[in-house]
Amino acid sequence: MMRSPREPLPVTADPGLFEALGGRAAVGLIVDGLYDRLERDQELTRLFRSRRKGERDRLKEFFEGFFGGEVRGIRDVGTQRRHLHRLISAEESARWLAHFGAALDQAGVAAGPQAAVMRLLREAAARLENDGAPLAVLRQAMAAAATGDVDAVAALVADHPRLIDQRAGDGATLVWTAARRGRLPLVRWLTGHGADIEIPGSAVHMTQVAVSPYCIAVRSRHQQVAQYLRDHGAKVDVFGAAFLADLDALRGHIAAGLANAQSPHEDFHPVTPLHHAVDGGSAAAATLLLENGAEARTSGGRLLTSAANQGSVELVRLLLDHGAQARDAESLGPLGADRTIGELLVAHGFDLDVPIRAQETPLTRACRADKGEHPETVRALLELGADPNAPNARGRTALSIAAGARFSRSVALLLAAGAR
Ligand code: HEM
């Protein structure tokens with residue numbers, strides 16, 4: 001069973017590794033070799049039978065970038081977060097790793113680079129173990145934890161002892177869920193039964209950082225639970241201090257050299273205290289970090305998107321001032337109500353006519369039938385300078401999408417702006 005990991009893993013491997021392995025062609029061979037094996041392995045069909053479209057390509061893109069080749073594709077989250085929703089046993093993890101080793105062999109990778117790759121993957125693969133109770137029981141236990149039902153949780157844990165630290169969607173454990181809902185008796189029971197009180201989870205699916213049970217208790221204003229966890233050893237590490245804007249604690253961590261620390265809960269993907277400060281909505285914590293050498297460029301788009309989604313002009317401005325690239329942002333803030341963030345991003349180079357994530361432009365997105373009509377957003381985008389005829393990645397224009405959705409006010413605005 002996974003316990004709170006201690007040591008962060010690197011975000012990318014030694015750049016020399018890509019060439020030593022044999023470049024893009026070799027990575028392609030390795031991933032094909034891996035997936036051929038995974039899909040044939042009877043013990044792993046539970047996990048790999050779906051043959052999702054593009055899965056091999058996404059894995060190739062991932063490993064190319066990770067091994068030090070060109071970074072392609074979209075990398076949002078780290079290896080742990082990508083796999084959290086799966087129940088992976090120690091045996092399955094070991095089989096995956098063995099297949100990777102065999103694929104390296106078959107691709108003719110020399111012993112030195114092979115050992116270097118396996119060293120990196122071994123630890124990361126072990127951190128993906130998250131089995132115990134079956135999914136239905138896990139869901140039932142989480143529902144009971146949310147309502148604070150100690151008896152129900154105790155009965156399920158008695159039947160499935162490893163439930164105690166098992167992670168459900170977005171990483172939440174029983175303690176995390178109970179802490180978020182302020183269920184003190186259950187938090188007490190779980191702590192008393194040896195639950196790991198540091199395993200983080202996230203309240204926001206996929207897009208935001210994962211935080212500890214203590215952090216989520218504070219953020220959810222459950223002071224008693226937060227105090228109880230502190231009294232029982234919960235730490236406020238540099239990530240928690242940044243998320244909660246605990247500036248005194250944060251200063252201490254910065255003095256210890258942790259301004260750019262990599263989260264141990266996210267393998268192979270940069271997640272730093274600055275991510276926590278921004279996702280936590282604290283301009284004060286972000287400022288303190290940036291003034292002390294925190295780096296805003298690497299994940300600038302991800303950080304700007306979070307700040308814009310929160311509608312925080314202050315954070316957006318701060319990140320832009322420290323080198324975050326406006327063109328990488330994926331949100332323009334609450335445009336219909338307030339254009340300040342949109343104006344800032346456009347002034348710093350955000351291109352309104354390029355589809356975000358190779359999908360929708362802001363304008364085609366604002367016209368989508370499944371999102372409801374937003375004429376005030378359409379108006380703001382046109383006034384910010386969006387080309388009414390710029391197509392989305394599938395070649396459709398905002399006008400055809402809005403007309404198809406019968407959004408008459410949006411259609412009128414688009415026509416008035418010269419849409420054809
Ligand atoms: C530590 C090394 C590992 C890395 C770097 C890694 C990376 C990845 C990546 C990049 C994807 C594609 C995800 C996407 O489409 O967004 C993926 C998918 C997946 N991984 Fe891993 N993985 C690792 C280990 C494992 C292990 C040990 C298992 C389980 C035994 C596993 C099970 C899966 C499954 C089931 C999928 C989805 C496959 C599908 O739906 O067809 N991974 N992994």
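Criteria and cut-off values
- Residues numbered from 1 in each chain as written.
- Predicted model: local features only at pLDDT ≥ 70, side-chain atom pairs only at ≥ 80, totals over all residues.
- Domains from an automatic or database assignment.
- Near = placed C-beta within 6 Å.
- Helix = DSSP H or I, 4+ residues; strand = E, 2+ residues; numbered from the N terminus.
- Nonpolar A, V, L, I, M, F, W, Y, C, P; charged D, E, K, R; others polar.
- Core = buried A, V, L, I, M, F, W, Y, C linked by C-beta atoms within 7 Å.
- Buried ≥ 20, exposed ≤ 12 C-beta atoms within 10 Å, placed from the backbone.
- Axes fitted to C-alpha atoms, helices over the stretch in contact; angles between N-to-C directions.
- Parallel < 35°, antiparallel > 145°, perpendicular 65-115°, else oblique.
- Left-handed = near helix turned anticlockwise from the far one by under 90°.
- Contact = placed C-beta atoms within 7 Å.
- Arc of directions from axis to C-beta.

## Things to note about the domain arrangement of the protein chain
The accessible area lost on association of the parts is a frequent measure of interface size.
Inference 1: Per the domain assignment, the segments making up the protein chain are domain 1 (16–126), domain 2 (135–235) and domain 3 (352–420).
Inference 2: The C-alpha centroid of domain 3 is placed 43 Å from the C-alpha centroid of domain 2.

## Let's talk about the site of the ligand
Inference 1: Around the ligand, the surrounding shell holds 21 residues, and the nearest of these are Leu47, Phe62, Trp96, Ala124 and Ala125.
Inference 2: When contributions to the shell around the ligand are tallied by element, the ones reaching two or more residues are helix H3 (45–48), helix H4 (55–67), helix H5 (79–83), helix H6 (90–106) and helix H7 (111–126).
Inference 3: The element best represented in the shell around the ligand is H4, accounting for four residues.
Inference 4: A class-by-class count of the residues in the shell around the ligand yields eleven nonpolar, four polar and six charged.

## Some thoughts on the nonpolar core
Inference 1: Core analysis: the biggest nonpolar cluster contains 94 residues, and Ala141, Leu174 and Leu319 have the highest contact counts within it.
Inference 2: For this core, the leading source of residues is helix H14 (residues 238–244), giving six residues.
Inference 3: Judged by nonpolar contacts, the second largest core, of 24 residues, contains Ile30, Trp96, Leu104 and Val109.

## Some words on the packing of helix H2 (residues 23–40) against H4
Inference 1: Between H2 and H4, the least distance of the axes is 9 Å, while the angle of their chain directions is 135°. The pairing of H2 with H4 is recorded here as oblique in orientation. Taken as a pair, H2 and H4 cross one another with a handedness that is right-handed. In this structure, H2 uses Arg24, Val27, Gly28, Val31, Asp32 and Tyr35 to contact H4, whose residues at the interface are Arg56, Leu59, Lys60, Phe63, Glu64 and Phe67.
Inference 2: Considering only residue class, the contact of H2 with H4 consists of six nonpolar, one polar and five charged.

## Here's the deal with helix H15 (residues 247–255)
Inference 1: Where H15 is concerned, the buried positions are Leu250, His253 and Ile254. One side of H15 holds all its buried residues, which, seen down the axis, span an arc of 100°. Seen from the open side of H15, the exposed residues pointing more than 90 degrees away from its buried face are Asp248 and Ala255.

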